[in-house]
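Take a look at the letters that make up each chain.
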Amino acid sequence: MPDRRLKAVWDVNVPVIRELAGVHEYDGVVMDLSPGGRKAALERLGPASPGERLADRHDESHLSAAERAAHAEAEAGILQWNPLPHIQNLDLSCYDREYAPEPQRRRAREAHLAQWPGAVDASLESLRAVPAPVAGALVRAVRGLAEGINGTTDVEVAALEAHGRLLGRIQDAAASGNPDASLGATALARLLGHAESMPVDLGRLEERADQERDRLRTRLNEACERLSPGVTPSRLVPALLRDHPGEEGIYAAARETIDEATAFVIDNDLLPPTGGACEVGPAPPSRRWAAAMMYWTGPFEDDAPARYYVSPPDESWDEKAKHEWLAVFSATMGPAITVHEVTPGHFAHGRMLRQLVRGDVRRSLFSEAFVEGWAHYAGELMVDQGFRAGDPRFAIGVYLDALVGVTGLASALGIHQGTMTVDDATARFEADAFLLGPAARSEATRATYDPTYGRYTWGKLEIMSLRDEALAAWGTKFSLRRFHEALLALGAPPLGTMGDALVA
């Protein structure tokens, strides 16, 4: 049983703790996301009394950051303007993964569904200020929550009625909500800094984003020149992105890359053997707000296959739009995304949480900037270590993926400081990251409801900086595996606490 402070943090992050940590005492549990319900939950959080501080210095810093992050989210009014936490609170697809026998998961799903009417009432009480761009970006995900609910029982009928009320609210906001989705510089800096236990200078972060974009464009130019001498990236990349395996072929291509990348990581002693299984398939409708995502096996649950979800194009799109979406899974981009999501990215990270990490704090509290930063770092690590060195398309794909990340950082900073519109961000994704049509728009609108979208690049840059420190401090005793194991033994630490890996 976790201590009081950790349990209080778990209680305000139920979907993450249930699914990513694998704490299944939360199966069938929904949070009360009404203003009063969240206020009561926050009152149970820290700060700690002297007798409640954890003996382990790193764990205390990690837990304190999670407490401050929850308060910063409340101060930013996340539950009032952002439907995403409400979607995650209702989402039933967490019971699809085979972490437990089917009857157990079915009962949990039924208990969860029975609470939809009350949970939706609570959400509607909070969701009073949803900006139009945020609502428009998430209508599809809200609609997808009801997939597979047929209305054949009284519980399902009540749930569908409640879902209709939530969907109606979001559709209304998409049509008539405030066109300004900006959060404000002060709130954004607090969101970023409190969660990562470090001060944040937004202006400096914008400068780093521009510098990183320029570095990546240089590397991309070099890789394109190796593949097709004399052909500029602006001509070459669109042709490469058109080479995709189609809707069905994306899954087989991902499985092939997983096998190859896993062997490479082990052969080059980058990580210990991960073990475990990773299933590849289409994302459930409620989770199609991102092109691809990993749901690993949580460290608190029995071993079971992880799920690598891939979002197919919307069936309502025309053929041109579908091909533009599938460019994300081209023979150039697809392997880079799979390395990011699976090995040595998210899936491998999840396996290390099970193998290397000790203590409830490190096994259950995840810095999003570290989680995504690690996966972004993993892609460039594979390029630098020579994965598919004879095929420059892999490096091109990694740099394109990294350009999406750094453009996400610039877009989130711009949109939430009010210096960039969604149209501006869409144009930047097209110009800097070579995304097309709905894919560029999807990434741009993501920055509206995901103000910390820049965490991918920010986390990667901090990990790279720490690796340089480790190399200087350890000298001839440095190895990539030693650095990776020391870092991942901290779990998914706030960026400001990662330095503890060097003195462990």
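## Overview of helix α10 (residues 154-176)
Right, so step 1: With 23 residues, α10 should cover 33 Å at 1.5 Å per step; its first-to-last C-alpha distance of 33 Å lies within 8% of that length.
Right, so step 2: All of the buried residues in α10 are E156, A159, A162, H163, L166, L167, I170 and A173.
Right, so step 3: Elements that come into contact with the buried residues of α10 comprise α6 (84-90), α7 (102-114), α8 (116-126) and α9 (132-144).

## Observations regarding helix α17 (residues 346-355)
Right, so step 1: Buried residues dominate α17, accounting for eight of its ten residues.
Right, so step 2: Within α17, burial applies to H346, F347, A348, H349, G350, R351, M352 and L353.

## A look at the side chain of R362
Right, so step 1: Here R362 lies in helix α18 (residues 360-364).
Right, so step 2: For R362, a relative accessible area of 15% gives the class buried.
Right, so step 3: Of the polar contacts made by the side chain of R362, one reaches the side chain of D59; its length is 2.7 Å.
Right, so step 4: The residues contacting R362, other than those within four sequence positions of it, are D56, H58, D59, H62, L353, V357, A489, L490, G491 and A492.

## Details of the environment of F394
Right, so step 1: With respect to the element layout, F394 can be found in helix α20 (residues 392-417).
Right, so step 2: For F394, a relative accessible area of 2% translates into the label buried.
Right, so step 3: Residues F394 and M333, 61 residues apart in the sequence, show an inter-C-alpha distance of 7.4 Å.
Right, so step 4: Once residues lying within four places of it in the same chain are set aside, the contact partners of F394 are P335, A336, V339, G379, M382, V383, F387 and R388.

## Describing unusual backbone geometry
Excluding glycine, a negative phi dihedral is what most residues carry, and trans is how most peptide bonds are arranged.
Right, so step 1: Across the junction of T343 and P344, the peptide omega takes the value 10 degrees, indicating a cis bond.
Right, so step 2: Here P344 lies in the loop between α16 (333-341) and α17.
Right, so step 3: The phi angle at R388 is positive, at roughly 50 degrees, despite the residue not being glycine.
Right, so step 4: Structurally, R388 is set in the loop between α19 (368-385) and α20.
Right, so step 5: Its identity is not glycine, yet F434 carries a phi of approximately 65 degrees, on the positive side.

## Focus on the packing of aromatic side chains
Right, so step 1: What the rule picks out here adds up to ten aromatic pairs.
Right, so step 2: With a centroid separation of 5.4 Å and 40 degrees between ring planes, the pair formed by W374 and Y377 is classed as tilted. In this pair, W374 and Y377 both sit in helix α19, three residues apart, roughly one turn of the helix.
Right, so step 3: Residue Y377 is classed as buried on the basis of its relative accessible area of 1%.
Right, so step 4: Through successive ring pairs, a cluster of aromatic residues spans W10, Y26 and F300.

## A few points about the nonpolar core
Right, so step 1: One finds Y308, F329, F370, M382, F483 and L487 to be the most contacted residues of the largest nonpolar core, which totals 123 residues.
Right, so step 2: The contact partners of F370, leaving out residues within four places of it in the chain, are H349, I463, L487, L488, G491, A492, P493, L495 and M498.
Right, so step 3: V30, L90, A108 and L166 belong to the second largest nonpolar core, which has 39 residues in total.

## Side note on the pattern of salt bridges
Right, so step 1: With the rule as written, the count across this model stands at 38 salt bridges.
Right, so step 2: One salt bridge in this structure joins R5 and E60, with 2.9 Å as the shortest N-O distance. In this pair, R5 sits in helix α1 (residues 4-11) while E60 sits in helix α4 (residues 57-75), placing the two residues 55 residues apart along the sequence. Taken individually, R5 and E60 each receive the classification buried, so the pair is uniform in this respect.
Right, so step 3: For the salt bridge of E75 with R190, the shortest nitrogen-to-oxygen distance reads 2.5 Å. Taken together, the residues span a long stretch of sequence, with E75 in helix α4 and R190 in helix α11 (residues 185-196) at a distance of 115 residues.
Right, so step 4: Overall, the relative accessible area of 52% leaves E75 in the exposed class.
Right, so step 5: By relative accessible area, R190 is classed as partly exposed at 34%.
Right, so step 6: Salt bridges linked by common partners bring E212, R215, R219, E380, D384 and K460 together as one network.

Criteria and thresholds
Residues numbered from 1 in each chain as written. Predicted model: local features only at pLDDT ≥ 70, side-chain atom pairs only at ≥ 80, totals over all residues. Heavy atoms only, no water. Helix = DSSP H or I, 4+ residues; strand = E, 2+ residues; numbered from the N terminus. Expected span 1.5 Å × (residues − 1). Buried < 20%, exposed > 50% of the residue type's maximum accessible area, 1.4 Å probe, protein only. Contact = heavy atoms within 4.5 Å. Polar contact = N/O pair within 3.5 Å; in protein donor to acceptor, adjacent residues only side chain to side chain. Phe/Tyr/Trp six-rings, centres within 6.5 Å; stacked < 30°, edge-to-face > 60°. Core = buried A, V, L, I, M, F, W, Y, C linked by side-chain atoms within 4.5 Å. Salt bridge = Lys/Arg side-chain N within 4 Å of Asp/Glu carboxyl O.

The values reported here are purely geometric and, on their own, carry no functional implication.
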